[in-house]
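One-letter residues, chain by chain:
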There are 2 protein chains.
Amino acid sequence: MREEKEKLILESAAEEFARFGFEGASIANIAKRAKIPRPNLHYYFSSKRKLYEHILFNTLQLWNSAFDGVSAADDPTIAISKYVRAKVMYSKTNPKASKIFASEIIHGGSNLSNFLQNDYRIWLREKTSIIREWADNGQMDPVDPHHLMFMIWGATQFYADFSVQVEKGLERDADDEEFEKVADTITQIILKGCGIIRK
Amino acid sequence: MREEKEKLILESAAEEFARFGFEGASIANIAKRAKIPRPNLHYYFSSKRKLYEHILFNTLQLWNSAFDGVSAADDPTIAISKYVRAKVMYSKTNPKASKIFASEIIHGGSNLSNFLQNDYRIWLREKTSIIREWADNGQMDPVDPHHLMFMIWGATQFYADFSVQVEKGLERDADDEEFEKVADTITQIILKGCGIIRK
DNA sequence: GTCTATAGTTAGATAGAC
DNA sequence: GTCTATCTAACTATAGAC
């Protein structure tokens, strides 16, 4: 019962925070979305900040878990294809989470300083060293690993964070088929651009 | 005199909006930054919204003017190199403008609907048709032009909008040299990845 | 043109009855 | 656990003296 209500509130809050950002979001609106009276919300989450932190934390868990299974032993073609596809599909499936995270980072990321200082660095060191190994083994061109990662992030997240620009630019809705094409296009350019594949 | 003060206010406001977003920014803080009393600010800009719109408009002008000189006659190698470099350097020089724009788009872009419906579409149609021509002429692989543009935007803007993530990830400051490397890396991957260059 | 004082409004949070 | 009524703080905006 309690769990269900909390989930409902969190869902409504994610919607609101993604749409308006932390300051722009209002407790009144979140309560309205969840169809409960304002003070009732305070019973479950003591403050707006707490609610926001809860959602950021959920977002991070999703982020952390979604992109793990890549190791150095893997072939770079397979590993990068998988990773790019996972990121693109994450943009399709979780645009709200991506937007909340993006907005937080853009505005300084002060609520994520702990994550950025620890988990994030460790995760990135791990991945960049795998890329470095691939380059050392001659499996790809000697591309700067950090900038390759940033390029993949920027390219894939764009479809969640800047969905307005994507849809206005395409002059059509971005359906499932379109997202397949996105994954294919980005994968192709990255793999060929890094000298991992020839064609 | 009036012009100078307005410029000072706009500068302070850009700083504040980039840092906190529209709702998060406060007139009091902007006035403090500009070192003038609050009500004085209202003398120059009647409302917070007007001030914000002014800044968005400036941002768009900058955006529009910075990336024009590319035509179909140009060699794709030169045109894309120039464009990517211009975008990366824009991220280095104007991170605030980029962040304000990004935050606006992420949160729905309602203040940009006019721009997105008109100038933006026209501009993008022009550029995508140039790319299509290049592909038709066999000067590059048949890559979807829209997704190529989005990829370039995502990759290059990342360094402005997500600068926190970049700096924490690199574990060092992003200096001029680093931005040169960024431009080189992105250019290389895009050109080679699209079959424009071989090496 | 500038600034002090203040009006008006919104929104986050709580008290206390049910 | 739920909800009505209310408190309090913050912030935009304006009136009006200088």
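From a predicted model like this one, the values you see are computed outputs, not experimental measurements.

Draft legend 1. A look at the domain arrangement of chain A. Residues and elements named next belong to chain A. Looking at chain A, the domain boundaries give domain 1 (1–46) and domain 2 (53–193). For domain 1 versus domain 2, the separation of C-alpha centres amounts to 28 Å. Listed by partner, the interface residues are nine residues for domain 1 and seven residues for domain 2. Summed over both sides, the interface of domain 1 with domain 2 buries roughly 630 Å², with 76% coming from carbon and sulfur. Three residues, Leu10, Ala14 and Ala18, lead the burial of domain 1 against domain 2; their summed loss comes to 56% of the area buried on that side. Applying the counting rule to domain 1 against domain 2 returns two salt bridges.

Draft legend 2. Seen up close, the relation of the copies chain B and chain A. The operation relating chain B to chain A is a screw motion whose rotation component is 180 degrees, with 0.0 Å of axial translation and a residual RMSD of 0.1 Å. Seen this way, the second copy is the image of the first under a two-fold rotation axis. Nearest to the rotation axis, the C-alpha of B:Gly193 is located 1.8 Å from it, this being the minimum over chain B. Looking at the interface residues of chain B, 100% of them are also at the interface in chain A, so both copies use one shared face.

Draft legend 3. Expanded view of the interface of chain B and chain A. Facing the 56 residues of chain B at the interface are 56 residues of chain A. Surface buried jointly by chain B and chain A totals about 5200 Å² across both partners, of which 64% is contributed by carbon and sulfur atoms. It is B:Ile106, B:His147 and B:Gln165 in chain B that bury the most area against chain A; as a group they hold 13% of the surface buried on that side. Taken together, the connections running from chain B to chain A amount to eight salt bridges. Here B:Arg125 and A:Glu171 are joined by a salt bridge, their closest N and O atoms 2.8 Å apart. Remark: the boundary between chain B and chain A carries 20 residue pairs in polar contact (both at pLDDT 80 or more). Secondary structure elements with two or more residues in the side of chain B that touches chain A: helix H1 (2–24), helix H6 (95–106), helix H7 (113–117), helix H8 (119–136), helix H9 (145–161), helix H10 (163–170) and helix H11 (176–193) of chain B. Here the side of chain B that touches chain A takes 12 residues from H9(B), the largest share from any one element. Split into classes, the residues belonging to the side of chain B that touches chain A amount to 27 nonpolar, 16 polar and 13 charged.

Each value, and the rule that gives it
Residues numbered from 1 in each chain as written. Chains lettered and ligands numbered in written order. Predicted model: local features only at pLDDT ≥ 70, side-chain atom pairs only at ≥ 80, totals over all residues. Heavy atoms only, no water. Domains from an automatic or database assignment. Contact = heavy atoms within 4.5 Å. Buried area = accessible area lost by both parts, 1.4 Å probe. Salt bridge = Lys/Arg side-chain N within 4 Å of Asp/Glu carboxyl O. Least-squares fit on C-alpha atoms with pLDDT ≥ 70 in both. Polar contact = N/O pair within 3.5 Å; in protein donor to acceptor, adjacent residues only side chain to side chain. Helix = DSSP H or I, 4+ residues; strand = E, 2+ residues; numbered from the N terminus. Nonpolar A, V, L, I, M, F, W, Y, C, P; charged D, E, K, R; others polar.

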